[in-house]
Amino acid sequence: MLQSGAGGLGCEILKNLALSGFKDIHVIDMDTIDVSNLNRQFLFRQADVGKPKATVAAEFVMKRVKGVKITPYYGAIQDKGPDYYMQFQLVICGLDSVEARRWINATLVEMVDPQNPESLKPLIDGGTEGFKGQSRVILPTLGSCYECSLDMLTPRTAVPMCTLASIPRQPAHCIEWASILEWPRVMGDKKLDNDDPEHIQWLYEKALERAREFNISGVTYSMTQGVVKNIIPAIASTNAIIAASCCNEALKIVTSSNPYLNNYMMYIGDEGVYTHTFAHEQKDGCPVCGNMATDFHAKADWTLDEFIERLKEKPDVQIKKPTLTTERRKLYYAGPPQLNELTKPNLDKRLKDLLDSGEEVAITDPGLPFSLRLNVIFS
Ligand SMILES: [Zn+2]
């Protein structure tokens, strides 16, 4: 059994697995312990600050639960290849990063060899965000994968600038206005320090003024801090619930004692306690488990730069520094410098001068664990 992630969710999962009777667990985590973790990551103590989470968590649980062997690895999941992942019966993830999840998902899908049933490793994925969470069972290639559901995430691109500048509708809009537009306008080159209470206070006052002007209520100091630092509070009880659900599924899968989750359980705990379980369906043309190029509609007059910006807005794409190629030419390379230099002029060219309608564009990106293929169709 492999566990990936030894943070808030990971501490709960590791403890549950050990107490459920799993005897041989590997745990991977690339983080070290921060003092702010101590309120909920209960396997860590003050004296552990600065040490690797995986190592400390493993030692703690082995000391408390007799007969369990936990092998820690302090590093990124990407350090390991298919040979490593092949040794496990099951992978359970308590990660806070979309990138890491996409990577492990794509790796496990890629590993499936139809001739070898052992190569199919069930993936149990838990995630929490404040009072909300989800757990899911992914059977690579047989059902919906992590990538299939990526469009359920809220788009990470924020509110359009024009909303911030002219027609705020929510308290967060006023706060973003204060930090993105008002701070540089008033403060010039002075850098905004999210950890400086005076800076936050300044933003809070500006946001409050603006909110009053537009009749918006709800701007508070702690909300200002949250929006500016993009903090989603970590809640120990949510972690405990989601970890329990994940470990329950792990136990059912390895013992065949009961049918396992099919395949997605969401939990919402901010207004009462609500859960909903449903079968998330495999997405047609999922770039990971569908392995086909998907259609993407674009205007022939868009510049390549505009095209890339549109791609970045799509929640199911999530790219940062993409490289785009077609069969015939290199469209754009974000790096290395020589290739970037060579392809940068294309950014200002129109799509119609670079592509034919329906032509396939392959996109690679540090945030993508696979190469995304799009049929760019002019509309
Ligand atoms: Zn998929």
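Residues numbered from 1 in each chain as written. Predicted model: local features only at pLDDT ≥ 70, side-chain atom pairs only at ≥ 80, totals over all residues. Heavy atoms only, no water.

Asker: Even after reading the chapter, I still don't get the sheet that holds strand β13 (residues 372-378), so can you show me in this structure?
Answerer: Sheet strands line up and pair through hydrogen bonds in the backbone, either parallel or antiparallel. Read across the open sheet, the five strands follow the order β9-β13-β12-β10-β11; overall the sheet is mixed. Bordering the open sheet on either side are β9 (294-298) and β11 (330-332), each of which pairs with just one other strand. Neighbour-to-neighbour, the strand axes of this sheet turn through a mean angle of 35 degrees, independent of strand direction. Inspection of the sheet shows strand β10 (residues 323-325) paired to β11 by two bridges, in the antiparallel sense. Across the sheet, residue L324 finds its bridge partner in β11, namely Y332. Taken strand by strand, helix α10 (residues 304-313) contacts β9, β10, β11, β12 (359-364) and β13, and its axis lies near 125 degrees from that of β9. (Pairing = 2+ DSSP bridges. Helix = DSSP H or I, 4+ residues; strand = E, 2+ residues; numbered from the N terminus. Axes fitted to C-alpha atoms, helices over the stretch in contact; angles between N-to-C directions. Contact = heavy atoms within 4.5 Å.)

Asker: What should I look at first to understand the packing of aromatic side chains in this one?
Answerer: Aromatic ring pairs are defined here through the distance separating the ring centres and the angle between the ring planes. Inspection of the entire model under this criterion finds seven aromatic pairs. Arranged with centres 6.1 Å apart and planes meeting at 80 degrees, the rings of Y204 and Y221 form a pair that is edge-to-face. Taken together, the residues Y204 in helix α7 (residues 197-213) and Y221 in helix α8 (residues 221-229) connect sequence positions 17 residues apart. An aromatic cluster is defined as three or more aromatic residues linked by ring pairs; in this entry it consists of Y84, Y85, F88 and W103. The aromatic ring of Y73 is capped on one face by K80, whose charged end is 4.0 Å from the ring centroid. The residue whose ring lies beneath R210 is W177, and the NZ or CZ to ring-centre distance is 4.2 Å. (Phe/Tyr/Trp six-rings, centres within 6.5 Å; stacked < 30°, edge-to-face > 60°. Lys NZ or Arg CZ within 6 Å of the ring centre and 35° of its normal.)

Asker: I'm lost on the pattern of salt bridges in this one. Help?
Answerer: Side-chain pairs of opposite charge can arise where the charged atoms are in close proximity. A complete count under the given rule lists 13 salt bridges for this structure. We note a salt bridge from R101 to D125, for which the minimum N-O separation is 2.8 Å. Here R101 is found in helix α4 (residues 98-111), whereas its partner D125 is found in strand β5 (residues 123-129), with 24 residues between them in sequence. Taken individually, R101 and D125 each receive the classification buried, so the pair is uniform in this respect. With a closest N to O distance of 3.1 Å, E249 and K252 form a salt bridge. Here E249 pairs with K252, and both are found in helix α9 (residues 236-255), just three residues apart, close to one helical turn. This pair shows no difference in class: E249 is buried, exactly as K252 is. Connected via shared salt-bridge partners are R328, D356 and E359. (Salt bridge = Lys/Arg side-chain N within 4 Å of Asp/Glu carboxyl O. Buried < 20%, exposed > 50% of the residue type's maximum accessible area, 1.4 Å probe, protein only.)

Asker: So what exactly am I meant to see when it comes to the packing of α7 against α8 here?
Answerer: When two helices pack together, their arrangement is given by the angle between their axes and by how far apart the axes lie. Orientation of α7 relative to α8, taken along the N-to-C sense of each, is 105 degrees, at an axis distance of 9 Å. Classified by the angle their axes make, α7 and α8 are roughly perpendicular. Residues P197, I200, Q201, L203 and Y204 of α7 lie in contact with α8, whose contacting residues are Y221, T224, Q225 and V228. Classifying every residue of the contact of α7 with α8 by side-chain character gives six nonpolar, three polar and no charged. (Parallel < 35°, antiparallel > 145°, perpendicular 65-115°, else oblique. Nonpolar A, V, L, I, M, F, W, Y, C, P; charged D, E, K, R; others polar.)

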